[in-house]
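Secondary and tertiary structure notes
Here's the letter readout for the chains.
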Amino acid sequence: MHFSRFPRRHYAHLPTPLEPLPRLSAALGGPALWIKRDDCTGLAGGGNKTRKLEFLMGDALAQGADCVITQGATQSNHVRQAAAACAREGLPCHLLLEDRTGFTDPDYRDNGNVLMDRVLGATLEERPAGTDMDAAMAEVAARLTAEGRTPYVIPGGGSNRVGALGYANAALELLQQANDRGLRIDRLVHATGSAGTQAGLVAGLVAANSGIPVLGVGVRAPAPVQHAKVLELARATSDYLGARTAIEDDDVQVNCDYIGEGYGIPTAGAIEAIRLLAELEGIFLDPVYSAKGMAGLIDLIRRGHYGADEQIVFLHTGGAQALYGYRRFFEGADRAKP
Ligand SMILES: *Cc1c(COP(=O)(O)O)cnc(C)c1O
């Protein structure tokens, strides 16, 4: 795959590390677990959106944009990384935040990613839960255009075929690391939301004929919806790349059993996953995405879905900055321990 054909800016510290998780693997007594550290991509705290933004901002600049509009939930990691990419390019960044959880505590509303968005100099506007955010961005784009600006609209999560290129590229990076160290990867697991990460990974891994299945653990939509969304975008990304191998239905695997009450609302499994990764490996997961993804992986291991001889890579998509917005879910946790 020839990524240099696409406009790209460089923000990420690559390759991100691929590390073993020996203490977590031992504690679970199942397969050998590895972690791909895309929480360490380096742009204003890092995370998976950085890889997508390299191609999205490349496209924005190629199109002559002079400002950027994007959207996400209040504690969106995508929005933070977009604000940082805009700062790097000197482009004004207009952010729409959807109040998806209804949480009213000051940590959630003003700390964590929201604090960082402000420090990065972005303009923030709030929208109530259930707003058609694409329509809301189109309205802002019309307003800015009428003022003589040239806005570039990045979809939520940076998930379109341009952003997903970042994860097709990450698939090749991971294969290279695995091949260099003789690591046979039996499976890749990560949290899936706006679908661009999984779509790009599937497009890249299928085109490379890797034989590595990817499981996306859903954080928002029901499984049939999520599957269709990832599949459609994986195919669009594959076409955009000019790949010749068709993407089949079962190249996309999703499990949406770990969402709990809804997007952005932590589950007991997610809180446990955060504590386990922190206490056993010194790694912070985030309460909205990576902890639900890891909670799914942990539960499937405990239920015996994977053999002890398997080697599984968990893609850490970042987001620990949101922990500051979820402080109340951890208060007294130290005292609650037996
Ligand atoms: C956005 C995000 C995801 C989900 O990635 P998508 O490409 O939107 O599916 C996972 N983890 C974190 C921390 C994120 O911010």
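This write-up is about the structure you can find in this document.

By size, the foremost hydrophobic cluster in this structure holds 31 residues, and its most contacted members are I185, L188, L201, V202, L205, I247 and V313. Leaving out residues up to four positions away in the same chain, I247 has contacts with V202, A203, V206, L231, A234, R235 and S238.

Moving on to the site of the ligand. Near the ligand there are 17 residues, and of these K49, K52, S194, T197 and T317 occur at the shortest range. Within the side chain of N48, a nitrogen or oxygen atom sits 3.0 Å from an oxygen atom of the ligand. Contact between the ligand and S194: an oxygen atom at 2.5 Å from a side-chain N or O atom of the residue. Surface burial for the ligand is 98%, taken as the share of its 380 Å² of free accessible area covered by protein chains. Taken together, the elements giving at least two residues each to the shell around the ligand come down to α2 (49-62), β7 (187-192) and α8 (196-207). For the shell around the ligand, the per-class residue count stands at three nonpolar, eleven polar and three charged.

According to the stated counting rule, one finds eight aromatic pairs in the structure shown. On the basis of an interplanar angle of 45 degrees and a centroid distance of 4.9 Å, the ring pair of F6 and Y240 is categorised as tilted. Within this pair, whereas F6 is found in the segment before β1 (18-20), its partner Y240 is found in helix α9 (residues 223-241), the two being separated by 234 residues in sequence. Using a relative accessible area of 11% as the deciding quantity, one classes F6 as buried. Overall, Y240 belongs to the partly exposed group, its relative accessible area being 24%. Geometrically, the ring pair formed by F103 and F329 is tilted, given 6.0 Å between the ring centres and 45 degrees between the ring planes. With F103 in the loop between β4 (93-99) and α4 (106-110) and F329 in the loop between β10 (311-316) and α12 (333-336), this pair connects stretches of sequence that are 226 residues apart. Among the aromatic residues, those joined into a ring-pair cluster are F103, Y108, Y326 and F329. We note R100 situated over the ring of Y263; from NZ or CZ to the ring centre the distance is 4.4 Å. Cation over ring: R328 sits above F103, and NZ or CZ is 4.7 Å from the ring centre.

All right, on to the pairing of strand β2 (residues 32-37) then. With five of six residues buried, β2 is to be regarded as a mostly interior element. Inspection of the sheet shows β1 paired to β2 by three bridges, in the antiparallel sense. Residue pairing for β2: P20 is matched across the bridge by W34. Of the strand pairs in this sheet, β2 and β10 are connected by six bridges, and their pairing is parallel. Looking at the pairing, K36 lines up with L315 of β10.

Conventions and cut-offs
Residues numbered from 1 in each chain as written. Predicted model: local features only at pLDDT ≥ 70, side-chain atom pairs only at ≥ 80, totals over all residues. Heavy atoms only, no water. Core = buried A, V, L, I, M, F, W, Y, C linked by side-chain atoms within 4.5 Å. Buried < 20%, exposed > 50% of the residue type's maximum accessible area, 1.4 Å probe, protein only. Contact = heavy atoms within 4.5 Å. Near = heavy atom within 4 Å. Polar contact = N/O pair within 3.5 Å; in protein donor to acceptor, adjacent residues only side chain to side chain. Areas by Shrake-Rupley, 256 points an atom, 1.4 Å probe, with all protein chains shown as cover. Helix = DSSP H or I, 4+ residues; strand = E, 2+ residues; numbered from the N terminus. Nonpolar A, V, L, I, M, F, W, Y, C, P; charged D, E, K, R; others polar. Phe/Tyr/Trp six-rings, centres within 6.5 Å; stacked < 30°, edge-to-face > 60°. Lys NZ or Arg CZ within 6 Å of the ring centre and 35° of its normal. Pairing = 2+ DSSP bridges.

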